[in-house]
Amino acid sequence: MSKFTHHIFVCNKCKPPKHLRDGKHDSAKLRAALKKEIKRLGLKAQVRANDSGCLDQCDDGQVVVIYPQAIWYGGVTEGDAERIIHETILAGKVLEDLQIPDERLRCGKAAKKMEPESSAPSPSN
């Protein structure tokens, strides 16, 4: 069996801020729409769509992450599913209108906090 070419994670814990709650936020429907298109195109052996736990990006609405490409999409709705499969998975195009900018990714902020402030050696006693 070969490895998946794409693994799509759909955050099932997102609770977007009130200004982003438009009734289109349903992770189960989004995942089902992604899976339906994957199946319809015969991609089940190459592409997997799973629920994920919290991805810590709730300010960006419904979040989807695609690995191993590390593409982060926010504000994703069920209506975006076909586009994600056709344009990102099949054509390799990053959808700029959905992409969460790197500077807004919480994982980037956490990683920066963990970097040492100075590479100077500590004084020895």
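Everything here concerns the structure above.
In this text the structure is predicted, and so the values were computed from the model without any measurement. (Residues numbered from 1 in each chain as written. Predicted model: local features only at pLDDT ≥ 70, side-chain atom pairs only at ≥ 80, totals over all residues. Heavy atoms only, no water.)

A count of helical and extended segments in the chain gives three helices and four strands. If you list the helices and strands of the chain from N to C, you get β-α-β-β-β-α-α. The buried share among the 125 residues of the chain stands at 33%. Counting only contacts in the chain whose residues sit at least 6 apart along the sequence, the fraction spanning at least 24 positions is 67%. When the accessible area of the chain is evaluated, it comes to approximately 8,400 Å², of which 51% is carbon and sulfur surface. (Helix = DSSP H or I, 4+ residues; strand = E, 2+ residues; numbered from the N terminus. Buried < 20%, exposed > 50% of the residue type's maximum accessible area, 1.4 Å probe, protein only. Contact = heavy atoms within 4.5 Å. Areas by Shrake-Rupley, 256 points an atom, 1.4 Å probe, with all protein chains shown as cover.)

With that out of the way, let us pick up the nonpolar core. Counting residues in each nonpolar core, the largest one holds 20 residues, and the members touching the most others are Ile8, Leu34, Val64, Ile66, Tyr73 and Ile84. Of all the elements in the fold, those that place two or more residues in this core are β1 (6–11), α1 (27–40), β2 (47–52), β3 (64–67), β4 (71–73) and α2 (81–90). Not counting the four nearest positions on each side in its chain, Val64 is found in contact with Ile8, Phe9, Val10, Leu30, Ile71, Trp72, Tyr73 and Val76. Formed by seven residues, the second largest nonpolar core is a distinct cluster that contains Cys11, Val63, Val65 and Leu105. (Core = buried A, V, L, I, M, F, W, Y, C linked by side-chain atoms within 4.5 Å.)

Along an α-helix, a turn takes 3.6 residues, which lines up residues three or four apart on a common side. Taking 1.5 Å of rise per residue, the 14 residues of α1 would be expected to cover 20 Å, and the 20 Å separating its terminal C-alpha atoms lies within 8% of that figure. Looking at α1, one finds that the buried residues are Ser27, Leu30, Ala33, Leu34, Glu37 and Ile38. Here the buried residues of α1 occupy an arc of 135° about the axis, which is enough to place them on one side. In α1, the exposed positions that point more than 90 degrees away from the buried face belong to Ala28, Lys36, Lys39 and Arg40. Check the buried side of α1 and you find it contacts β1, β2, β3 and α2. Remark: Gly42 follows α1 within two positions and exhibits a positive phi of approximately 70°. (Expected span 1.5 Å × (residues − 1). Arc of directions from axis to C-beta.)

Here we come to the sheet that holds β4. Reading across the sheet, the four strands line up as β2-β1-β3-β4 and stay open at both edges, with mixed pairing between neighbours. Only two strands of the sheet have a single neighbouring strand rather than two, namely β2 and β4. Between one strand and the next, the sheet's axes are offset by a mean angle of 20°, whatever the strand orientation. Pairing of β3 with β4 involves three bridges; the strand directions are antiparallel. (Pairing = 2+ DSSP bridges. Axes fitted to C-alpha atoms, helices over the stretch in contact; angles between N-to-C directions.)

With respect to the helices and strands, the residue Gln57 is situated in the loop between β2 and β3. By relative accessible area, Gln57 is classed as buried at 2%. At a separation of 2.7 Å, a polar atom in the side chain of Gln57 contacts the side chain of Asp60. Ignoring anything within four residues of it in the chain, the contact list for Gln57 reads Val63, Trp72, Ile100, Arg104, Leu105, Arg106 and Cys107. (Polar contact = N/O pair within 3.5 Å; in protein donor to acceptor, adjacent residues only side chain to side chain.)

Here we come to the pattern of salt bridges. Should the charged atoms of two oppositely charged side chains come close, the side chains can pair. With the rule as written, the count across this model stands at nine salt bridges. Here Asp51 ties to Arg31 by a salt bridge, and the two come within 4.0 Å at their closest N and O atoms. One end of the pair, Asp51, is in strand β2; the other, Arg31, is in helix α1, with 20 residues separating them in the sequence. Owing to a relative accessible area of 36%, Asp51 belongs among the partly exposed residues under this scheme. Close ionic contact of Glu87 with Lys93 constitutes a salt bridge, the shortest N to O distance being 3.5 Å. Overall, the relative accessible area of 25% leaves Glu87 in the partly exposed class. (Salt bridge = Lys/Arg side-chain N within 4 Å of Asp/Glu carboxyl O.)

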